[in-house]
Amino acid sequence: MITHDYIIVGGGLAGLAFAQYCRKNNRTFLLFEDASQKASLIAGGLYNPVVLKRFTSIWDAQNQLQNAHKFYQVLSADLQCTLDYPLPLYRVLHSVEEQNNWFTAADKPTLSPYLTTPLVQNTYPSIEAPFQLGSVNNCGYVDTKNLLQQFHHLLEKKEILIRESFNYGDISVEDTIVTYHEIKAKHIVFAEGFGLSQNPFFHTLPLDGTKGELLVIHAPELKLKAIYKSGVFIFPLGNDLYKVGATYDWQDKTDRPTPAAREELVQGLKSFMKSDFEVVAHYAGVRPTVKDRRPLVGTHPLHSNVHILNGMGTRGVLLAPAMAKALFESLEWGIPLDPHVDIQRFKHFYANPYRN
């Protein structure tokens, strides 16, 4: 006898988003979370529709923004707390050439809704920006730590959160049922982030972990009320606390903070901020990134009830709601997945794809 519609493995942003769509559509589920992956918990949580290093738009920006704002608005009401903090974002420009690149980008149809002109004169004495600032619309941050803690607490009260590691060896997959211990479900969705490397169903997919580190600083004289981005980003958390990030390390796959990354962030901050500060926290996590910079969403080619929701990379707060919605609608209503995110795009890489 089937006991649940879904088993969800992974309680980060992706698994959480899928669980929320189940809740809103009266689908039953159990969510497994063992806190082994830190990327969602310690994420910067920033969202913006532009790659500010190259002044290019992100893929499917408008759809992602619309989904995310609606998703976090509903979830904030459910959890009775503020999660989404819209803020202006200012890109520090470093030369006349960068100013010209900004104007060129702002004229492009895909970027003109987000990049504003004219440039903004810097008014903060603690910020050094002799070539002015570029202003980006539709930006802000999501308090991912509070989001995860509150949502997990909600699921615990309903006794549908299981805080233990998922043992892949104990799963049995048949045509119409997935069995795990005493649980019998119609489907199982794996959303383990970088933990995918241990998953026997999907471990051959080209997921690569990118370690990121960030700081929380105390800077009582700074008084910023916006996000500033130069080599690193900084944004206010309240009470004179600011989040600073982030680093990118493609070799180290641990979640241990490192002195080298701390120094990189401190020096990056000092390159454009002239205010005293104290580092009060230092975090690290491994982002689930994909070689083609698109998520991994879809169904196992040999098992029609085994699915994946992963690869949100550095833009999890935007991608997770949109990708969870896409997977849910695909499974429940047969709406085809975008081929840019469907794992079918990697099928030709393997002689025996995703064999368990």
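Structure shown above.
Definitions and limits used
- Residues numbered from 1 in each chain as written.
- Predicted model: local features only at pLDDT ≥ 70, side-chain atom pairs only at ≥ 80, totals over all residues.
- Heavy atoms only, no water.
- Helix = DSSP H or I, 4+ residues; strand = E, 2+ residues; numbered from the N terminus.
- Contact = heavy atoms within 4.5 Å.
- Axes fitted to C-alpha atoms, helices over the stretch in contact; angles between N-to-C directions.
- Parallel < 35°, antiparallel > 145°, perpendicular 65-115°, else oblique.
- Left-handed = near helix turned anticlockwise from the far one by under 90°.
- Buried < 20%, exposed > 50% of the residue type's maximum accessible area, 1.4 Å probe, protein only.
- Expected span 1.5 Å × (residues − 1).
- Pairing = 2+ DSSP bridges.
- Right-handed = clockwise from strand over helix to strand, strands pointing away.
- Nonpolar A, V, L, I, M, F, W, Y, C, P; charged D, E, K, R; others polar.

Account for the side chain of Ser275, naming residues and giving values.
In this structure, Ser275 sits in the loop between α6 (259-270) and β18 (278-290). Look past the residues within four positions of Ser275 in its chain and what remains in contact with it is Ser126, Glu221 and Leu222.

How would you sum up the packing of helix α1 (residues 13-24) against helix α5 (residues 144-157)? Please name residues and give values.
α5 packs onto α1 with a crossing angle of 45° between their chain directions and a minimal axis gap of 11 Å. Taken together, α1 and α5 sit at an angle that is classed as oblique. Considering how the two elements wind past one another, α1 and α5 form a crossing that is left-handed. Residues Leu13, Leu16, Ala19, Gln20 and Arg23 of α1 lie in contact with α5, whose contacting residues are Thr144, Leu147, Leu148, Phe151, Leu154 and Leu155.

Describe unusual backbone geometry, with residues and values.
Residue Thr117 is joined to Pro118 through a cis peptide bond whose omega torsion reads 0°. When you line up the elements, Pro118 lands in the loop between α4 (96-106) and β8 (133-136). In this structure, the amide linkage connecting Gly245 to the following residue, Ala246, adopts the cis form with an omega of -10°. Positionally, Ala246 belongs in the loop between β17 (241-245) and α6. Positioned with a positive phi, Gln132 is a non-glycine residue whose angle comes to about 70°. Backbone geometry places Lys223, a non-glycine residue, at a positive phi of 60°. Mapped onto the fold, Lys223 is located in the loop between β14 (207-218) and β15 (227-229). For Lys223, a relative accessible area of 47% puts it in the partly exposed group.

Could you give me a rundown of helix α7 (residues 316-333), with the residues and numbers involved?
Here α7 is 18 residues long and its end C-alpha atoms lie 24 Å apart, about the 26 Å a rise of 1.5 Å per residue gives. The element α7 is extensively covered by neighbouring structure, given that 13 of its 18 residues are classed as buried. Once α7 ends, the next one or two residues include Gly334, with phi positive near 70°.

I'd like a description of the sheet that holds strand β9 (residues 140-142), backed by residues and values.
What links the strands of a sheet is backbone hydrogen bonding, and the strands pair in either a parallel or an antiparallel sense. Taking strand neighbours across the sheet as the criterion, the 3 strands line up as β3-β9-β6 in an open arrangement whose pairing is antiparallel. Of all the strands in the sheet, the pair left with one neighbour each is β3 (46-47) and β6 (84-86). Its contacts with the sheet place helix α3 (residues 61-79) against β3, β6 and β9, and it is angled at close to 130° to β6.

Can you tell me about the pairing of strand β1 (residues 4-9), naming the residues and giving the values?
The buried count for β1 comes to 6 of 6 residues, which makes it a mostly enclosed element. Sheet analysis places β1 next to strand β13 (residues 183-190), joined by 5 bridges and oriented parallel. Residue His4 lies in a different strand from β13, and its bridge partner there is Ala185. Each parallel crossover has a hand, and the one from β1 via α1 to strand β2 (residues 29-32) is right-handed.

Kindly report on the environment of Gly44, identifying the contributing residues and their values.
Mapped onto the secondary structure, Gly44 falls in the loop between α2 (39-42) and β3. In this structure the C-alpha to C-alpha distance between Gly44 and Glu213, which are 169 residues apart in sequence, comes to 9.2 Å. Residues in contact with Gly44, not counting those within four places in the same chain, are Tyr141, Val142, Leu214, Phe233, Phe235 and Lys243.

Would you mind going over the packing of α1 against α7 in detail, with residue names and values included?
A pair of packed helices is captured by two measures, namely the crossing angle of their axes and the spacing between those axes. Direction vectors running N to C along α1 and α7 enclose 45°, while the axes themselves pass 8 Å from each other. Comparing the axis directions of α1 and α7 gives the class oblique. Classified by chirality, the crossing of α7 by α1 is right-handed. Between α1, through Leu13, Ala14, Ala17, Phe18, Tyr21 and Cys22, and α7, the contact on the second element is made entirely by Gly316, Val317, Ala320, Pro321, Ala324, Lys325, Leu327, Phe328 and Leu331. Considering only residue class, the contact of α1 with α7 consists of 13 nonpolar, 1 polar and 1 charged.

Shape is all these values report; function is a separate question.
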